[in-house]
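The chain contents come next:
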Amino acid sequence: MAAGAPAFPADSTAGYAEAADALAVQYEQVTFEDVHRDVLHLLPSAPARILDVGAGTGRDAAALAARGYRVVAAEPTAELRAHGQRIHGARTVDWVDDALPQLPLPRHPGRFDAVFATAVWMHLDAEERRAAMARIASLLGTGGRFFVNLRHGPVPEGRRMFDVSAAETVLLGRTYGLTAVYQGERVDLHGRGGVRWSELVLEPA
């Protein structure tokens, strides 16, 4: 790997570059408030510092910035980053080419008041999830919270996903000093058959 190159498994982003145009439309069909309505009360007060990992087209990152937060959006797929900057404006958030599990963030040292990982965690295998949880725990400041959305159900063709339960994720968080302050489930907002979602919020114990 070249010096300074992002450290993330290429397989975790499989299928996203090719489908970026269609995904940009799909992602923007639902709002940040629709996706996260059950946990909005757990957001820190603005202008807190928030990291959105696997930011996609920046739907959530832009909505958080509009609420007055200072947002870093980490997205390893260049095609999705380009759509995000086109849709929401290049200066709305600070975009970076970075991803879990290592997530080095060389230009953004320090801790965050919240970290979001929406539709990201199930792309990582067990070893990668352990490394990712350790990294997230190290990035959370005092009182910081980790917002996780897990997809369950059929895997789209060409994607790399694993069957990751909410219970497993909570247990892994405990290993790295995080405790669950919210656990819930919701239906798929795009109406895809067999797809459902777990929502978790973890914070340092």
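Residues numbered from 1 in each chain as written. Predicted model: local features only at pLDDT ≥ 70, side-chain atom pairs only at ≥ 80, totals over all residues. Heavy atoms only, no water.

Undergrad: An account of unusual backbone geometry is needed here, citing residue identities and associated values.
TA: Note that the residue after alanine 46, namely proline 47, is joined by a cis bond; omega there is 5°. Position of proline 47 among the secondary structure elements: in the loop between helix H2 (32-36) and strand E1 (49-53). Proline 101 follows leucine 100 through a cis peptide bond whose omega is 15°. Here proline 101 shows up in the loop between strand E3 (94-96) and strand E4 (112-118). The residue leucine 103 is not glycine, and still its phi comes out positive at about 45°. Secondary-structure assignment places leucine 103 in the loop between E3 and E4. Residue leucine 103 is classed as buried on the basis of its relative accessible area, which comes to 0%. Located in the positive-phi region is leucine 105, a residue other than glycine, with phi close to 45°. Judged by its relative accessible area of 2%, leucine 105 falls in the buried class. (Helix = DSSP H or I, 4+ residues; strand = E, 2+ residues; numbered from the N terminus. Buried < 20%, exposed > 50% of the residue type's maximum accessible area, 1.4 Å probe, protein only.)

Undergrad: If you had to explain helix H3 (residues 59-66) to someone new, which residues and values would you point to?
TA: The periodicity of an α-helix, 3.6 residues per turn, causes residues three or four positions apart to be oriented the same way. Among the 8 residues of H3, 7 are classified as buried, and the element is accordingly described as predominantly covered. Looking one or two residues beyond H3, the residue adopting positive phi is glycine 68, at roughly 100°.

Undergrad: Explain the packing of aromatic side chains to me, using residue names and the numbers behind them.
TA: This model, assessed by the stated rule, comprises 3 aromatic pairs. Through a chain of ring-to-ring contacts, the aromatic side chains of Phe32, Phe116 and Phe147 assemble into a single cluster. Between the NZ or CZ atom of arginine 49 and the centre of the ring of phenylalanine 112, over which it lies, the distance is 4.0 Å. (Phe/Tyr/Trp six-rings, centres within 6.5 Å; stacked < 30°, edge-to-face > 60°. Lys NZ or Arg CZ within 6 Å of the ring centre and 35° of its normal.)

Undergrad: Go over the pattern of salt bridges, please, and point to the residues and values.
TA: Taken as a whole, this structure holds 10 salt bridges when the rule is applied. We note a salt bridge from arginine 59 to aspartate 60, for which the minimum N-O separation is 2.8 Å. As far as burial versus exposure is concerned, arginine 59 and aspartate 60 are alike and both buried. (Salt bridge = Lys/Arg side-chain N within 4 Å of Asp/Glu carboxyl O.)

Undergrad: Describe the pairing of strand E7 (residues 196-204), listing the residues and the values that go with them.
TA: Of all 9 residues in E7, 7 are buried, a share of seventy percent or more. Inspection of the sheet shows strand E5 (residues 140-152) paired to E7 by 7 bridges, in the antiparallel sense. Among the inter-strand pairings, phenylalanine 147 is bridged to a residue of E7, identified as valine 201. Bridging between strand E6 (residues 178-187) and E7 involves 9 bridges; their strand directions are antiparallel. Residue pairing for E7: arginine 186 is matched across the bridge by tryptophan 197. (Pairing = 2+ DSSP bridges.)

Undergrad: I'd love a proper account of the sheet that holds E6, names of residues and values included.
TA: Within a beta sheet, neighbouring strands are joined by backbone hydrogen bonds and run either parallel or antiparallel to one another. Strands sit in the order E3-E2-E1-E4-E5-E7-E6 across an open sheet of 7 strands; the sheet is mixed. Edge positions in the sheet fall to E3 and E6, since each has one partner strand and no second. Ignoring which end each strand starts from, the neighbouring axes of this sheet average 15° apart. Pairing analysis gives 3 bridges linking strand E2 (residues 70-74) to E3, with the strands arranged parallel. From the neighbouring strand, alanine 74 faces E3, where its bridge partner is valine 96. (Axes fitted to C-alpha atoms, helices over the stretch in contact; angles between N-to-C directions.)

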